[in-house]
Amino acid sequence: DAGITQSPRHKVTETGTPVTLRCHQTENHRYMYWYRQDPGHGLRLIHYSYGVKDTDKGEVSDGYSVSRSKTEDFLLTLESATSSQTSVYFCAISVTRDEQFFGPGTRLTVL
Amino acid sequence: SQKIEQNSEALNIQEGKTATLTCNYTNYSPAYLQWYRQDPGRGPVFLLLIRENEKEKRKERLKVTFDTTLKQSLFHITASQPADSATYLCALDEKGGYQKVTFGTGTKLQVIP
């Protein structure tokens, strides 16, 4: 699993509340990614990071922000959660261009 | 617009047969294409990568082909086993850095004993 952990693994929250998901890696890789996975849409990139404090938007970034103050941690924040953000969120790292390693996922339900 | 298409319908095959999954793309010029396996409740796991200048790549019972003229990759599992049952995702790179890829929606494979 390339030393990737995600927390929490499951979360139920209410519309309008802020939510922060954490991705932690133990191997100091430069590139990190946040995806969401929904039926019929597959994996879609939310934000990615190419170094400490270096982040950029992906395909579906509206309503999400990220921060990376340390190499090992990449945080995804939903400033005001909406029901459309109910999804499974995956963090990934890229060691080389050849492959990405994924974390175990966080299942988020927004009521 | 860019599009990556995988058969959204599940593929059911008999154990021992060869499973063939398709990944078609439009408006991409990928330098490489990846295939991942995803089991229920888990993150995708990388299987194989094939580059644009490669026609075929093999790994044990897996074979991937890449036809940049047809804009298609085929993923084959020979001598399929029930343990091969999973969802298989293709992903194309986005030239320009940051090692980003875009994923297809995946095809669910069910190998019937």
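Each remark here, short or long, concerns the structure printed above.
Quick caveat, the model's predicted, so the values are computed rather than measured.

A word on the interface of chain B and chain A
The interface of chain B with chain A comprises 22 residues on the first partner and 22 residues on the second. Buried area between chain B and chain A, summed over both chains or domains, comes out near 1,900 Å², and the portion from carbon and sulfur atoms is 51%. Where chain B packs against chain A, one counts 1 salt bridge. Residues Asp-98 of chain A and Arg-51 of chain B are paired through a salt bridge, measuring 2.9 Å at the closest nitrogen-oxygen approach. Elements represented by at least two residues in the side of chain B that touches chain A include exactly strand E4 (32-38), strand E5 (45-51), strand E9 (86-93) and strand E10 (101-103) of chain B. Sort the elements by how many residues they give to the side of chain B that touches chain A and E4 of chain B lands first, with 4 residues. In terms of residue class, the side of chain B that touches chain A is built from 9 nonpolar, 8 polar and 5 charged.

Thoughts on the side chain of His-47 of chain A
Residues and elements named next belong to chain A. Relative to the assigned elements, His-47 resides in strand E5 (residues 42-51). A polar atom in the side chain of His-47 sits 3.2 Å from the backbone oxygen of Asp-56. Those residues in contact with His-47 that lie beyond four places of it in its chain are Tyr-33, Trp-34, Asp-56, Lys-57, Gly-58, Ser-61, Tyr-64, Ser-65, Val-66 and Phe-74.

Thresholds applied
- Residues numbered from 1 in each chain as written.
- Chains lettered and ligands numbered in written order.
- Predicted model: local features only at pLDDT ≥ 70, side-chain atom pairs only at ≥ 80, totals over all residues.
- Heavy atoms only, no water.
- Contact = heavy atoms within 4.5 Å.
- Buried area = accessible area lost by both parts, 1.4 Å probe.
- Salt bridge = Lys/Arg side-chain N within 4 Å of Asp/Glu carboxyl O.
- Helix = DSSP H or I, 4+ residues; strand = E, 2+ residues; numbered from the N terminus.
- Nonpolar A, V, L, I, M, F, W, Y, C, P; charged D, E, K, R; others polar.
- Polar contact = N/O pair within 3.5 Å; in protein donor to acceptor, adjacent residues only side chain to side chain.

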